[in-house]
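Notes for the structure review
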Amino acid sequence: MIGFFDSGVGGLTIIEEVHRRLPSYGTVYLGDSARMPYGEKRHDELVQFLWEGAQWLFARGCSLIIVACNSASASALREVQQTKLSSFPGRRILGVIRPTVEELSHQGYKRILVLSTTATKKSEAYVHEFAKINPSIQVISHACPNWGPMVEEGKAVSIEMKIEVNRELSLVDDPSAIDAVLLACTHYPYVREDVEAFFLYKIPVFNQGNLVASSLEDYLLRHPEMERTLTKDGAREYFTTGDVANADFLASKRFGYDVRFQNTFV
Ligand code: DGL
């Protein structure tokens, strides 16, 4: 099975695209809603939470884990890969930042607004990755710390959310010079409409879901030894450390069909 780890319901915006593109693979989703927002956590806390989540997913039968959460990918993934993963030979944990940047770097954009959590912005992961792959791109990083928790509380598509999105984006320097927006937090596609409206629908606003799904497909082609270990019965399991009814409601609304979460501790 392929495991997906997020701080809450945000990672559903990644897994929905993976299900669309690679429907036969068995997947397990783990959202750590009880401890979100990850965007306001310290590096050492994120390392601990990510490693706990990864071990939980390994125990559930996953040999490959996608860390959907940008905050955990940006701040903690490298440390987990380098210092902890060796105790699980043959298992892999992949993040979302590198594949996102690879897919976006050669599309001709010059000034990309990267909207993220505080932890992702502080890590400068996007600034460094874009600089490595295409240094001519200027990255404008802006943190939107309230958006993730508001989405988790079910406030996406509300007047309150729209006001908050407009307030936050009006703080961005010289928005007229931006030629693309990257929603670099899994929770932000829930408010994509409000972001597009702020920019008067004039510039593209990218979700990561399809960028990550396409990169995962490519990874599986390049790594048959990993691909062979994955189940292909299309089974889909959803777990949350938080409120099951809230996760069921938000997931079912997002996917347009009934989704049932199970409660768990990590
Ligand atoms: N889903 C997390 C991310 O992609 C952000 C939400 C949170 O702060 O927990 O960074």
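See the structure shown above.
Here we look at the site of the ligand
Taken together, 13 residues surround the ligand, and among them Ser-7, Tyr-38, Gly-39, Ser-71 and Thr-186 come closest. Ser-7 is positioned with one of its side-chain polar atoms (N or O) 2.7 Å from an oxygen atom of the ligand. Tyr-38 has a polar backbone atom sitting 2.7 Å from an oxygen atom of the ligand. Class assignment of the residues belonging to the shell around the ligand gives a composition of five nonpolar, seven polar and one charged.

Focus on the sheet that holds strand β7 (residues 180-183)
Taking strand neighbours across the sheet as the criterion, the four strands line up as β6-β5-β7-β8 in an open arrangement whose pairing is parallel. Strands at the two margins of the open sheet, each flanked by one partner only, are β6 (138-143) and β8 (205-206). Sheet topology note: the strand β5 (residues 111-116)/β6 ladder contains six bridges and is parallel. Residue pairing in the sheet places Ile-112 in a bridge with Val-139 of β6. On top of the sheet, helix α7 (residues 125-133) reaches β5, β6 and β7; it is set at about 165° to β6, its chief contact.

What to know about the sheet that holds strand β9 (residues 236-240)
Strand order in this open sheet of six strands is β4-β3-β1-β2-β9-β10, and the pairing throughout is parallel. Of all strands in the sheet, those with a lone pairing partner are β4 (92-94) and β10 (262-263), marking the two edges. Strand direction decides the pairing type here: strand β2 (residues 27-31) and β9, joined by five bridges, are parallel. When the bridges of β9 are listed, Val-28 appears paired with Glu-237. Contacting β1 (2-6), β3 (64-67) and β4, helix α11 (residues 209-222) crosses the sheet at an angle of about 155° to β3.

A short note on the packing of helix α5 (residues 97-104) against α7
Where α5 meets α7, the closest approach of the two axes is 10 Å, and the angle between their N-to-C directions is 45°. The orientation of α5 with respect to α7, classified from their angle, is oblique. Crossing hand, α5 versus α7: right-handed. Residue-level contacts link Ile-97, Arg-98, Thr-100, Val-101, Glu-102 and Leu-104 of α5 to Ala-125, Tyr-126, Glu-129, Phe-130, Lys-132 and Ile-133 of α7. Its residues assigned to classes, the contact of α5 with α7 comprises seven nonpolar, one polar and four charged.

What to know about the pattern of salt bridges
Scanning the model with the defined rule gives 21 salt bridges in all. Glu-16 is the partner of Arg-254 in a salt bridge, and the nearest nitrogen-oxygen pair spans 2.8 Å. Note that Arg-254 is positioned in helix α13 (residues 244-255) and Glu-16 in helix α1 (residues 12-21), a separation of 238 residues in sequence. Taking the relative accessible area as the measure of exposure, Arg-254 reaches 25% and is therefore partly exposed. On the basis of relative accessibility, which here comes to 12%, the residue Glu-16 falls in the buried class. Close ionic contact of Arg-260 with Asp-258 constitutes a salt bridge, the shortest N to O distance being 3.2 Å. Connected through shared salt-bridge partners, Arg-98, Glu-102, Glu-129 and Lys-132 make up one network.

Rules of the game
Residues numbered from 1 in each chain as written. Predicted model: local features only at pLDDT ≥ 70, side-chain atom pairs only at ≥ 80, totals over all residues. Heavy atoms only, no water. Near = heavy atom within 4 Å. Polar contact = N/O pair within 3.5 Å; in protein donor to acceptor, adjacent residues only side chain to side chain. Nonpolar A, V, L, I, M, F, W, Y, C, P; charged D, E, K, R; others polar. Pairing = 2+ DSSP bridges. Helix = DSSP H or I, 4+ residues; strand = E, 2+ residues; numbered from the N terminus. Contact = heavy atoms within 4.5 Å. Axes fitted to C-alpha atoms, helices over the stretch in contact; angles between N-to-C directions. Parallel < 35°, antiparallel > 145°, perpendicular 65-115°, else oblique. Left-handed = near helix turned anticlockwise from the far one by under 90°. Salt bridge = Lys/Arg side-chain N within 4 Å of Asp/Glu carboxyl O. Buried < 20%, exposed > 50% of the residue type's maximum accessible area, 1.4 Å probe, protein only.

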